[in-house]
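Architecture at a glance
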Amino acid sequence: MTHAVRIHETGGPEVLRWDAIDVPDPGPGQAVIRQTAAGLNFIDVYFRTGLYPAPSFPATIGNEGAGVVEAVGDGVSEVAVGDRVAYCMNLGSYAQRRVIAANQLVRIPDGISDQQAAAVLLKGSTVQYLVRRTYAVQRGDTVLFHAAAGGCGLIACQWLKHLGAKVIGTVGTRAKAELARAHGCDHPIVYTEESFVDRVRELTGGAGVPVVYDSVGKDTFEDSLRCLRPRGLMVSFGNASGAVEPFRPAVLAAKGSLYLTRPTLATYTATREDLVATTSEVFDVVGQGVVKIEINQTYPLRDAAQAHRDLEARRTTGSTVLLPED
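What counts as what
Residues numbered from 1 in each chain as written. Predicted model: local features only at pLDDT ≥ 70, side-chain atom pairs only at ≥ 80, totals over all residues. Heavy atoms only, no water. Phe/Tyr/Trp six-rings, centres within 6.5 Å; stacked < 30°, edge-to-face > 60°. Helix = DSSP H or I, 4+ residues; strand = E, 2+ residues; numbered from the N terminus. Buried < 20%, exposed > 50% of the residue type's maximum accessible area, 1.4 Å probe, protein only. Pairing = 2+ DSSP bridges. Axes fitted to C-alpha atoms, helices over the stretch in contact; angles between N-to-C directions. Contact = heavy atoms within 4.5 Å.

Scanning all chains against the criterion turns up seven aromatic pairs. Here F42 and Y46 contribute two aromatic rings whose centre-to-centre distance is 5.9 Å and whose plane-to-plane angle is 45 degrees, an arrangement assigned as tilted. Here F42 pairs with Y46, and both are found in helix α1 (residues 42-49), just four residues apart, close to one helical turn. A residue is classified by how much of its surface remains accessible, and F42, at 24% relative accessible area, is partly exposed. Residue Y46 is classed as buried on the basis of its relative accessible area of 7%. Each ring, one from F145 and one from Y213, has its centre 5.5 Å from the other, and the planes form 40 degrees; the classification is tilted. Of this pair, F145 sits in strand β9 (residues 142-145) while Y213 sits in strand β12 (residues 209-214), and the two are 68 residues apart along the sequence. Each of the two residues, F145 as well as Y213, counts as buried. An aromatic cluster of three or more residues is present, and its members are F42, Y46, F47 and Y52.

The subject of this paragraph is unusual backbone geometry. Backbone torsion omega between F57 and P58 reads -5 degrees, so that peptide bond is classified as cis. Relative to the assigned elements, P58 resides in the loop between α1 and β4 (59-60). The phi torsion at M89 lies on the positive side, around 55 degrees, for a residue other than glycine. Position of M89 among the secondary structure elements: in the loop between β6 (84-88) and β7 (97-101). For R231, which is not a glycine, the phi torsion comes out positive at approximately 65 degrees. Within the element layout of this structure, R231 appears in strand β13 (residues 228-236).

In this section: the sheet that holds strand β10 (residues 166-171). With respect to topology, six strands assemble into an open sheet ordered β11-β10-β9-β12-β13-β14, the strand pairing being parallel. Sheet topology places β11 (187-190) and β14 (259-261) at the edges, where each strand pairs with a single neighbour. Adjacent strand axes in the sheet meet at a mean angle of 15 degrees when their direction is disregarded. The sheet contact formed by β12 and β13 spans five bridges and is parallel. Bridge pairing in β13 places V211 opposite L233. Each of β9 and β10 touches helix α3 (residues 151-162); the most contacted strand, β9, lies at about 170 degrees to it. Along the sheet face, helix α5 (residues 196-203) touches β9, β10, β11, β12 and β13 and points at about 155 degrees away from the line of β11.

See below:
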């Protein structure tokens, strides 16, 4: 019997149910995969709560997974039976088995485990588009990255250091500050103890930074704008504390002709070409040891509700993986 974690309504972690499901044969262009790991990400919380609407109910949530191809439908050329594969930004990873469009799958290179792939693909691809394309970080840049001890944050700190940037990061505790520092964050700021705006201004001699990467949302948005230099770029890519409140665009002019973008990974990997290029670079930096993936928490898939509670309470660091058991 195959199971999946599904929601029949939106709400708190208690709405996550361990359901028996049927997995159909793959149709044209599809593959069936036996999943070996699913990544845990804040976007999963957004689907659970309804901030991001599920297409229908009941819905299997989860946006990142890895496994082995068990069957393919007609016309599939991207993968073959027996391949180890991974994917991200494709709803339905909280399952033991699933059907998925084959053109959304990428092969996992030798030397990278299924758990590493499930832990890194979504967050690593997010960091890739943020630091390589949304704002192409150059050697010598000073950047501010919020939630520096989180899953994206630890990857970003390592990658940014590799690019030659000076990294300022915000964290909630001194322990998380040390964790971020160990991964390349030059100046971790414990936001519960001091103003990150004042500290950023001090570290930049009052000039501000050219870019802020902010996945926190409502709690940090306005102060993040205050950290930017004139014509700086505010990259708002998440809502961990809630959605950003409406504001007047004239605020951007008053603070120095600032730019604001709200990017998504789905847009940056919308074509097969972009998906392969993005994930290939992620696997390359992991394979070279530039980015080390630390899976600091694992949970059985059936315990996804507890994993969500811990994620929302900020009790997790680094990456978290859910393990489907047969």
